[in-house]
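# Coordinate analysis (summary)
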Amino acid sequence: MIGFVTSEQVAQAILAGVVQAQTSRGLPVYWSPGAYRIHSGEYYGQFFIPFDETMRNTVLHNGNTLMAFPETEQMLALLGGLEARIDLPASAIVSNEIPE
Amino acid sequence: MHVPLSRLSQNSNLANRLRWGRELQLSNLGPSLNPTTVGIVDALVAAGATVSPAQVSAIDVFVVGEIEAGRWGTEVKRLFWPVWGVVAANAIDWITLGSGTFNGSVTHDAGGYVYGDGSTGYFAFGVTYADLGMTASDAHLLAGRISDTGTASRSMIGARPDASQQYYIDASGIEISRVSRHYTFNTAYSSIGGPLGIFLSSLSDGSNTRLRKIDGSGITEGATHSKVGSIPTTSPLEAMRRHLGAPDMYDNGQHVCWSAGGSITDPSGYLTSMAALYTGLTENTLPA
């Protein structure tokens, strides 16, 4: 999974910014990158925000991709820029607290 | 009540905003469109979807049929058709014209489906079972899925009340019912076939659930199961997410529709109507 590892505080700020970017345009909240707690490995306790090429290229609204929204650059800067992304194993966000 | 097309051409966003190629030929669509159809198409186009005349006609046939069948807004309280290749359009609830939320990495394919990455991508309806008035005696969930690229134990649609329990529409006897690939395939549900098609689980008589599926071969009915336990009231209703331990339990199959609400009085009628709309919207037939 390609994306950012960050603190819970920053993750919540990012998600709030995403919501604001939509509601400030009079739109419902139809999209979120999501933020996933990391349960194991090097980044245990931090949060993962996916940001892969699929997300970058997806048409969100009226022909605009995520990168067309000026808020995106601000959020990327807060996360350290695209070069700060890592490839996190999906198993890192698995919570073993949930039995089948 | 129908809206004359002449009025649409003058006043509606539908006429102003549909991208129908060179010229808008409203007269080709018939004498009128149901106003509910107009509202849906308006919302889709405003979100950036390209809606063809054939698709408008298919939506209108579907809407009129569902209203006449008494399902629209009563039995079916949320309905999503994520076939437009545009996130905002795919998130529109056709019943209320509100919106759900796509989370994580989800591909919105212009070919008429969405699929998650199997680890972060899912869809949140933005409501709970309780919000929709769904009870252990009066509920349905539906999910349409046209490809299967992963392993078993993936949820198509459901909700989780806490960290240790999950409630999906099924007929397993653990909960009111669940729709998941896993439970479609286990021994109890082998009779319903593979994990492709449009799946409907509904409480039809207040005490039993039955899982049904329509695919390219027609309708298949699973066995009737007694419901056991209660259903969650505060946890969010979601699709493509199972909430279990392994990340591959997020479903990355290709999804085409979801609905939720009360028990479906005529399950075969609803499945047939949904399958026809799938073909009308995508020009494809459901896999056999």
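Reference entry: report on the structure contained in this document. Quick caveat: nothing in here was measured; it's all calculated off a predicted structure. (Residues numbered from 1 in each chain as written. Chains lettered and ligands numbered in written order. Predicted model: local features only at pLDDT ≥ 70, side-chain atom pairs only at ≥ 80, totals over all residues. Heavy atoms only, no water.)

## Some thoughts on helix α4 (residues 53–69) of chain B
Residue and element names in this part refer to chain B. Look at α4: 24 Å from first C-alpha to last across 17 residues, which is about the 24 Å you get at 1.5 Å a residue. Those residues of α4 that sit buried are Q55, V56, A58, I59, D60, F62, V63 and E66. Turning to α4, the residues buried within the fold contact β2 (32–33), α3 (35–47), β3 (76–80) and α7 (267–282). A positive backbone phi angle near 80 degrees is found at G70, which sits one or two residues after α4. (Helix = DSSP H or I, 4+ residues; strand = E, 2+ residues; numbered from the N terminus. Expected span 1.5 Å × (residues − 1). Buried < 20%, exposed > 50% of the residue type's maximum accessible area, 1.4 Å probe, protein only. Contact = heavy atoms within 4.5 Å.)

## Digging into the pairing of strand β13 (residues 208–215) of chain B
All names here are of chain B. Of all eight residues making up β13, seven are buried, and the element is well covered by its neighbours. Bridge count between strand β12 (residues 197–203) and β13: six bridges; the pairing is antiparallel. Following the sheet pairing, F199 is matched in β13 by K213. (Pairing = 2+ DSSP bridges.)

## Focus on the pattern of salt bridges
Once their charged atoms are close, side chains differing in charge can pair, the charge on each being opposite to the other. All names here are of chain A. Within this structure, the stated rule accounts for eight salt bridges over all chains. Put simply, R37 and E8 hold a salt bridge, and the shortest N to O gap is 3.8 Å. Highlighted residues: R37 in strand β3 (residues 36–37) and E8 in helix α1 (residues 8–23), separated in sequence by 29 residues. Among the residues examined, R37 registers a relative accessible area of 37% and is labelled partly exposed. In this structure, R25 engages E71 in a salt bridge whose closest nitrogen and oxygen atoms are separated by 2.9 Å. Taken together, the residues span a long stretch of sequence, with R25 in the loop between α1 and β2 (31–32) and E71 in helix α3 (residues 70–78) at a distance of 46 residues. You can call R25 partly exposed: its relative accessible area is 35%. (Salt bridge = Lys/Arg side-chain N within 4 Å of Asp/Glu carboxyl O.)

## Details of the environment of V86 of chain B
Residue and element names in this part refer to chain B. Structurally, the position occupied by V86 is in the loop between β3 and α5 (87–90). Judged by its relative accessible area of 6%, V86 is buried. C-alpha of V86 to C-alpha of N34: the two residues are 52 residues apart in sequence and 24 Å apart in space.

## Section: the packing of α4 of chain B against α7 of chain B
Working note: a packed helix pair is described by the angle between its axes plus the distance between those axes. All names here are of chain B. Relative orientation of the contacting elements α4 and α7 amounts to 170 degrees, with a least axis distance of 8 Å. When the axes of α4 and α7 are compared, the pair comes out roughly antiparallel. On α7, the residues that touch A54, Q55, A58, I59, F62 and E66 of α4 are Y270, S273, M274, L277, G280 and L281. Looking at the contact of α4 with α7 residue by residue, the classes come out as eight nonpolar, three polar and one charged. (Axes fitted to C-alpha atoms, helices over the stretch in contact; angles between N-to-C directions. Parallel < 35°, antiparallel > 145°, perpendicular 65-115°, else oblique. Nonpolar A, V, L, I, M, F, W, Y, C, P; charged D, E, K, R; others polar.)

## Considering the packing of aromatic side chains
Residue and element names in this part refer to chain B. In total, this model carries ten aromatic pairs over all chains according to the counting rule given. Between F62 and W94, the aromatic rings sit 6.4 Å apart at their centres with planes inclined by 75 degrees, giving edge-to-face as the arrangement. In this pair, F62 is assigned in helix α4 and W94 in the loop between α5 and β4 (101–103), connecting sequence segments 32 residues apart. Between F102 and W258 the ring centres are 6.2 Å apart and the planes differ by 50 degrees, which places this aromatic pair in the tilted class. Separated by 156 residues along the polypeptide, F102 in strand β4 and W258 in strand β16 (residues 255–261) bring together distant segments of the chain. The class for F102 is buried, based on a relative accessible area of 0%. Clustering of aromatic rings is evident, with ring pairs tying together F80, F102, F123, F125 and W258. (Phe/Tyr/Trp six-rings, centres within 6.5 Å; stacked < 30°, edge-to-face > 60°.)

## Section: the packing of α3 of chain B against α4 of chain B
Residue and element names in this part refer to chain B. Across the interface, α3 lies against α4 with an axial gap of 9 Å and an inter-helix angle of 135 degrees. As far as their axial angle goes, α4 and α3 are oblique. Once α3 is placed against α4, the crossing between them reads as right-handed. Of the residues in α4, those touching α3 at T36, T37, I40, V41 and L44 are V56, I59, D60, V63 and I67. Of the residues assigned to the contact of α3 with α4, the class counts are seven nonpolar, two polar and one charged. (Left-handed = near helix turned anticlockwise from the far one by under 90°.)

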